[in-house]
Amino acid sequence: MHRPDFRGLTRLISCHISSYMRRDSRLSVALHVLLHLGEMGEAVTSETLGPMLDINPVVLRRTMAGLRDAGIVRSAKGHGGGWSLSRKLESITLGQVYAALGTPALFSIGHRVESPGCLVEQAVNRALGKALDDAEALILAQLRSISLADIAGDVRRKGFHSHFKKGSKAHV
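Per chain, residues are indexed from 1 in the order of the written sequence. Local features in this predicted model are restricted to residues whose pLDDT is 70 or higher, and side-chain atom pairs enter the listing and the counts only when it is 80 or higher, whereas totals over whole chains, interfaces and linings include all residues. Heavy atoms throughout the structure, all of them, feed into the side-chain values; hydrogens and water do not.

**Looking at the overall build of the chain**
Quick note on the threshold: A run of DSSP states H or I qualifies as a helix once it reaches four residues; a run of E qualifies as a strand once it reaches two. Both are numbered from the N-terminal end. Using a 1.4 Å probe on the protein chains alone, a residue whose accessible area is under 20% of its type maximum counts as buried, one over 50% counts as exposed, and one in between counts as partly exposed. Should any heavy atoms of two residues lie within 4.5 Å, those residues are counted as being in contact. Exposure was quantified through the Shrake-Rupley algorithm and a 1.4 Å probe, taking into account, for residues, occlusion by the shown protein chains and nothing else.
Regarding its fold elements, the chain presents 7 helices and 2 strands. Along the chain, from the amino end to the carboxyl end, the secondary structure elements read α-α-α-α-β-β-α-α-α. When burial is assessed residue by residue, the chain has 33% of its 172 residues classed as buried. Put simply, of all contacts in the chain between residues at least 6 apart along the chain, 62% involve residues at least 24 apart. A total of about 11,500 Å² of accessible surface is found on the chain, and carbon and sulfur atoms cover 58% of it.

What follows is the structure, encoded as structure tokens:
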């Protein structure tokens with residue numbers, strides 16, 4: 001029996017599909033901003049932070065709003081205003097920041113059809129669903145176990161002492 005060779009087609013489709021799936025970088029951006037805020041020790045405007053992180057200040061404000069609502073940062077308007085931490089780096093975990101961002105999807109893979117009629121696809125959904133649920137639980141537990149102070153300590157250990165100097169606005 002002759003079986004068609006779909007390898008080339010699959011590779012072509014995979015390439016195109018992955019080019020349309022953008023990564024959600026909000027957690028990375030939020031952590032980056034929070035670490036800088038913690039080390040700057042003063043209120044910093046979105047207009048200052050945006051170019052520093054190569055992100056539009058309006059987009060940054062949207063991200064920061066969720067962090068403010070969760071009590072991680074505060075904002076002040078007017079002269080001397082901007083964003084600042086509401087809590088110490090030691091008391092903020094990656095899990096809390098992830099939750100403040102609305103718990104974005106951790107994986108871009110999932111079921112083709114949620115309630116399939118095919119018994120084979122139902123079995124695939126059960127297996128895939130369990131694997132993804134287990135993986136998500138492990139990732140969330142890890143995120144809850146890491147504080148922003150842990151990351152700041154890693155930066156210091158790598159020799160970037162001047163990068164995290166109080167009052168420094170340097171960005172490498």
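Still to come is the rest of the account.
**Structural notes on the pattern of salt bridges**
Heads up, the rule is: Throughout this description, the term salt bridge denotes a Lys or Arg side-chain nitrogen within 4 Å of a carboxyl oxygen of Asp or Glu.
Enumeration according to the criterion identifies 5 salt bridges in this entry. The partner of arginine 61 in a salt bridge is glutamate 47, and the shortest N-O contact between them spans 2.8 Å. With a gap of 14 residues between them, arginine 61 in helix 4 (residues 57–69) and glutamate 47 in helix 3 (residues 46–53) connect regions that are remote in the sequence.

**A closer look at the pairing of strand 2 (residues 82–85)**
Condition: For two strands to be treated as a pair, DSSP must find no fewer than two bridges joining them.
Summarising the sheet, strand 1 (residues 73–76) and strand 2 pair through 4 bridges and their orientation is antiparallel. Bridged to valine 73 within strand 2 is leucine 85. Connecting strand 1 to the antiparallel partner strand 2 that follows it, the hairpin turn spans 5 residues, and glycine 78 within it adopts a positive phi of roughly 85°.

**Quick look at the packing of helix 3 against helix 4**
Where we set the bar: Between N-to-C directions, angles span 0 to 180 degrees; the directions come from axes that are lines fitted to C-alpha atoms, helices contributing only their stretch in contact. Should an angle lie under 35 degrees it is considered roughly parallel, over 145 roughly antiparallel, and from 65 to 115 roughly perpendicular; all remaining angles are considered oblique. Classification convention: Asp, Glu, Lys, Arg as charged; Ala, Val, Leu, Ile, Met, Phe, Trp, Tyr, Cys, Pro as nonpolar; all other residues, Gly among them, as polar.
Look at helix 3 against helix 4: their axes get within 8 Å of each other, and the N-to-C directions meet at 105°. By the criterion of interaxial angle, the relationship of helix 3 to helix 4 is roughly perpendicular. Touching Ser46, Glu47, Leu49 and Gly50 of helix 3 are Pro57, Leu60 and Arg61, all from helix 4. For the contact of helix 3 with helix 4, a count of residues per class yields 3 nonpolar, 2 polar and 2 charged.

**Looking at the nonpolar core**
Condition: Nine residue types can take part in a nonpolar core, namely buried Ala, Val, Leu, Ile, Met, Phe, Trp, Tyr and Cys, and a core is a set of them joined through side-chain atoms within 4.5 Å.
Counting 33 residues, the largest nonpolar core has Leu37, Leu67, Val73 and Val97 as its most contacted members. When contributions to this core are tallied by element, the ones reaching two or more residues are helix 2 (26–40), helix 3, helix 4, strand 2, helix 5 (94–100), helix 6 (119–145) and helix 7 (148–157). A total of 9 residues in this core trace back to one element, the largest contributor, which is helix 2. Dropping the residues within four chain positions of it, leucine 37 is found in contact with Val44, Leu49, Met64, Val73, Trp83, Ser84 and Leu85.

**Here's the deal with the environment of isoleucine 109**
The topology assignment puts isoleucine 109 in the loop between helix 5 and helix 6. What makes isoleucine 109 exposed here is its relative accessible area of 54%. For the pair isoleucine 109 and leucine 132, spaced 23 residues apart in the sequence, the C-alpha separation amounts to 8.8 Å.

**Here we look at helix 4**
An α-helical segment advances 3.6 residues per turn. Residues three or four places apart therefore align on the same side. The cut-off we apply is this: A helix's residues, less one, multiplied by 1.5 Å, set its expected span. In the analysis that follows, any N or O atom pair within 3.5 Å is treated as a polar contact, provided that within protein one partner can donate a hydrogen and the other can accept it, and provided that, for residues neighboring in sequence, both atoms belong to side chains.
The end-to-end C-alpha separation of helix 4 is 18 Å, in line with the 18 Å expected for 13 residues at 1.5 Å each. Those residues of helix 4 that fall on the buried side of the exposure criterion are Leu60, Thr63, Met64, Gly66 and Leu67. Residues of helix 4 that are buried sit in contact with helix 2, helix 3, strand 1, strand 2 and helix 5. The opening residue of helix 4, the one whose side-chain oxygen lies 2.7 Å from the backbone nitrogen of valine 58, is asparagine 56. Downstream of helix 4 by one or two residues, glycine 71 has phi in the positive range, about 80°.

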